[in-house]
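Reading the structure
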Amino acid sequence: MKKTFYLTTPIFYPNAKLHLGHAYTMTLADALARSHRLREENVYFLAGSDENTQKMVDAAAKAGTEPIAFLDGIVQNFMKLYSSLNISYDQFIRTTDTRVHWPGAQALWEKIVAAGDLYKKEYRGLYCVGHEAFITEKELVDGKCLDHGTVPEELSEENYFFRLSKYAGALRQKIESDELRIVPQSRKNEILSFIDSGLEDVSFSRPRRANWPKGLGVPVPGDDSQIMYVWCDALANYITALGFGRDDALFQEFWPANVHVIGKDILRFHAAIWPAMLLSAELPLPESIFVHGFITSGGRKMSKTLGNIIDPEELIETYGAEAIRYFLLRHISPFEDGEITREGFKDAYTANLTNGLGNLVARVMKLAETHLPKPVERPKAEHFPQEYWDALNGYEINRAVDMVWSRIQRLDERITNEEPFTLVKKDAERGRALIGELVIELYWVGRLLNPFMPNTSATIKKAVLENKKPENLFPRL
Ligand code: ME8
């Protein structure tokens, strides 16, 4: 039996087009998914959209469109972006899907009720639509949410509350011991101190509002006046997508998840609320959570609200998807914030793709095509260095890509030092042997690139096996 590998991504809010920050999460996840397929594991890669939200209703109203039609349009956009970025997801879940998502979300709710972990309470609080969460006075600056620059709504409602506080000890123990591994260490520390500061129970439902369209919001089982709080419903997607509460086959095969890939803004939801929900329902916890930093632009988080976004489609049009993937995976540290500028992007493209990889492939394959009578023999066994897997297992994706570029550099140096073009004229046999070695080394560069730049990887493999110089990979701009 093949080893299984289940990885998930945040289901983004479809209230606007995705920007480069979202593309970053998806590219990191895709590199991981492909690296596990390279190990011949049975991979399941989940993507989706988080649709039962107030911000969605607001955005549809602003666009003057009926909400579900509005959603359909944006979700099409998500999928179009994923396809141009070559994101190899297996399923796209939508939380308005009453067939796929709702039965499981309700089944999970009922398990939490059975555990005695949901109770009704009158609640007054400040609700930030940007966060889709209640926030406290302490988090406001001049009465406004710092992240979104908006004044929160004052709400007074009767809600169901989830006993998060009950799970503080268990959560602490699972995270501390790495039974639930939070990567990097700094995020593990952050969540541990959050738990230590005292976990409060969280509101898990909202009264169904009159202005909410039908088909939006998962009804609370046994109480039609309430719909589930959007995060309660959204987090459940990781199991409902596998058929939890509906048809258990995939769930049995793939749960628990090997990794939830998320940005640092949604750490608390994933590393406190979600595992507590699973503990309450007596379901296994995910193995790990990989928390990446923010893409910044002008020193601030790239965000729709702040209006400093770079449209990934625009970059793809200029540079091609492989170049975007390259840049996101190598030039941004997965655990820290990384600034992106159009100039930085352009410089990296020219130096490392046009003059680097692209030029190397052209040189080696030109030599091979001219001087080798037939293609080199394809290496029998696949050989990937252990340190490459170690980097990937620790989600240090930039380090794994760096390893490929060190080999590219070494290969360039060999060509400069050993001058195959001169040697082959002086001594055809030795010259051909050297060219053969360079081609094999190029083959490995191509294989190692597979998770990061899948099309480039395939082009290199084909070129080597057909002994033919490919079209220019990264044209000069
Ligand atoms: O939070 N840099 O959706 P969302 C890097 N629906 N990543 C960024 C980013 C940036 N500047 N901006 C956004 C939600 N992201 C919920 C998720 S999951 C059950 C529900 C990425 O549309 C990053 O992955 O606000 C972040 O965690 C996510 O988008 C937030 O997306």
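Nothing here was measured: the structure is a model prediction, and the numbers come from that model. (Residues numbered from 1 in each chain as written. Predicted model: local features only at pLDDT ≥ 70, side-chain atom pairs only at ≥ 80, totals over all residues. Heavy atoms only, no water.)

Structural notes on the site of the ligand
Taken together, the neighbourhood of the ligand is formed by 24 residues, with Ile11, Thr25, Asp50, Asp265 and Ile295 sitting nearest. A distance of 3.0 Å is found between an oxygen atom of the ligand and a backbone nitrogen or oxygen belonging to Tyr13. Contact between the ligand and Thr25: an oxygen atom at 2.7 Å from a side-chain N or O atom of the residue. When isolated, the ligand has an accessible area of 670 Å², and the protein chains bury 95% of it. Put simply, the parts of the chain that give the shell around the ligand at least two residues each are helix H1 (20-38), helix H7 (230-235) and helix H8 (237-240). Classifying every residue of the shell around the ligand gives 12 nonpolar, nine polar and three charged. (Near = heavy atom within 4 Å. Polar contact = N/O pair within 3.5 Å; in protein donor to acceptor, adjacent residues only side chain to side chain. Areas by Shrake-Rupley, 256 points an atom, 1.4 Å probe, with all protein chains shown as cover. Helix = DSSP H or I, 4+ residues; strand = E, 2+ residues; numbered from the N terminus. Nonpolar A, V, L, I, M, F, W, Y, C, P; charged D, E, K, R; others polar.)

Looking at the sheet that holds strand S16 (residues 295-297)
Read from one edge to the other, the open sheet built from three strands follows the order S17-S16-S18, with strand pairing classed as mixed. In the strand order of this sheet, the two ends are held by strand S17 (300-301) and strand S18 (338-339), each with one partner. Strand direction decides the pairing type here: S16 and S17, joined by two bridges, are antiparallel. Note that in S17 the partner of Thr296 across the bridge is Lys301. (Pairing = 2+ DSSP bridges.)

Quick look at the pattern of salt bridges
Note that side chains of opposite charge can pair when their charged atoms are close. Counted by the stated rule, this structure contains 29 salt bridges. Where Asp72 meets Arg94, a salt bridge forms, and the shortest distance between an N and an O atom there is 3.0 Å. One end of the pair, Asp72, is in helix H3 (residues 67-84); the other, Arg94, is in strand S3 (residues 91-94), and 22 residues separate them in sequence. On the basis of relative accessibility, which here comes to 32%, the residue Asp72 falls in the partly exposed class. Put simply, Asp30, Arg34 and Arg325 are held in one network by salt bridges that share partners. (Salt bridge = Lys/Arg side-chain N within 4 Å of Asp/Glu carboxyl O. Buried < 20%, exposed > 50% of the residue type's maximum accessible area, 1.4 Å probe, protein only.)

So, the packing of helix H13 (residues 342-371) against helix H18 (residues 454-466)
Remark: H13 packs on H18, axes separated minimally by 11 Å, with the N-to-C direction vectors making an angle of 10 degrees. One way to sum up the angle between H13 and H18 is to call them roughly parallel. Contacts between H13 and H18 involve Leu357, Val361 and Met365 from the first element and Thr456, Ile460, Ala463 and Val464 from the second. Its residues placed into classes, the contact of H13 with H18 shows six nonpolar, one polar and no charged. (Axes fitted to C-alpha atoms, helices over the stretch in contact; angles between N-to-C directions. Parallel < 35°, antiparallel > 145°, perpendicular 65-115°, else oblique. Contact = heavy atoms within 4.5 Å.)

Regarding the environment of Gly149
Tracing the sequence through the fold places Gly149 in the loop between strand S7 (144-145) and strand S8 (153-162). Here the alpha-carbon distance between Gly149 and Leu306, two residues 157 residues apart in the chain, equals 8.7 Å.

Overview of the nonpolar core
Counting residues in hydrophobic clusters, the biggest one holds 100 residues, and the most contacted among them are Leu7, Tyr82, Tyr388, Ile397, Trp405 and Phe452. For this core, the leading source of residues is H13, giving 11 residues. The contact partners of Tyr82, leaving out residues within four places of it in the chain, are Phe12, Leu18, Met26, Ala47, Ile87, Tyr89 and Phe92. (Core = buried A, V, L, I, M, F, W, Y, C linked by side-chain atoms within 4.5 Å.)

Thoughts on the pairing of strand S2 (residues 42-49)
Counting buried positions over the eight residues of S2 gives seven, a clear majority of the element. Bridge count between strand S1 (residues 4-8) and S2: five bridges; the pairing is parallel. Bridging from a neighbouring strand, Thr8 pairs with Leu46 of S2. Handedness of the β-α-β unit built from S1, H1 and S2 comes out right-handed. (Right-handed = clockwise from strand over helix to strand, strands pointing away.)

Comments concerning the pairing of strand S4 (residues 118-128)
Across 10 bridges, S4 lies against S8 in antiparallel orientation. Bridging from a neighbouring strand, Leu118 pairs with Phe162 of S8. Summarising the sheet, S4 and strand S5 (residues 133-135) pair through three bridges and their orientation is antiparallel. Bridge pairing in S5 places Tyr127 opposite Phe134.

Some remarks on the environment of Ala257
In this fold, Ala257 is placed in the loop between helix H9 (249-254) and strand S14 (259-263). Note: C-alpha distance between Ala257 and Phe45 (212 residues apart in sequence) is 9.9 Å.

Some words on the sheet that holds strand S13 (residues 223-228)
Strand order in the open sheet formed by three strands is S11-S13-S12, and the pairing between neighbours is antiparallel. Every other strand in the sheet has two partners, leaving strand S11 (205-207) and strand S12 (219-220) as the edge strands with one partner each. Pairing analysis gives three bridges linking S11 to S13, with the strands arranged antiparallel. Bridge pairing in S13 places Ser205 opposite Met228.

Some remarks on the packing of aromatic side chains
Taken as a whole and assessed by the stated rule, the structure comprises 34 aromatic pairs. Relative to Phe92, the ring of Tyr89 has its centre 6.2 Å away and its plane inclined at 65 degrees; by these criteria the two rings are edge-to-face. Ring geometry for Phe384 versus Tyr388: centroids 6.0 Å apart, planes at 15 degrees, classification stacked. Taken together, Tyr6, Tyr44, Tyr238, Phe244, Phe251, Phe254, Trp255 and Trp274 form an aromatic cluster joined through their ring pairs. Against the face of Phe161 rests Lys121, its NZ or CZ located 4.4 Å from the ring centre. Lying across the ring of Tyr127, Arg206 places its NZ or CZ 4.2 Å from the centre. (Phe/Tyr/Trp six-rings, centres within 6.5 Å; stacked < 30°, edge-to-face > 60°. Lys NZ or Arg CZ within 6 Å of the ring centre and 35° of its normal.)

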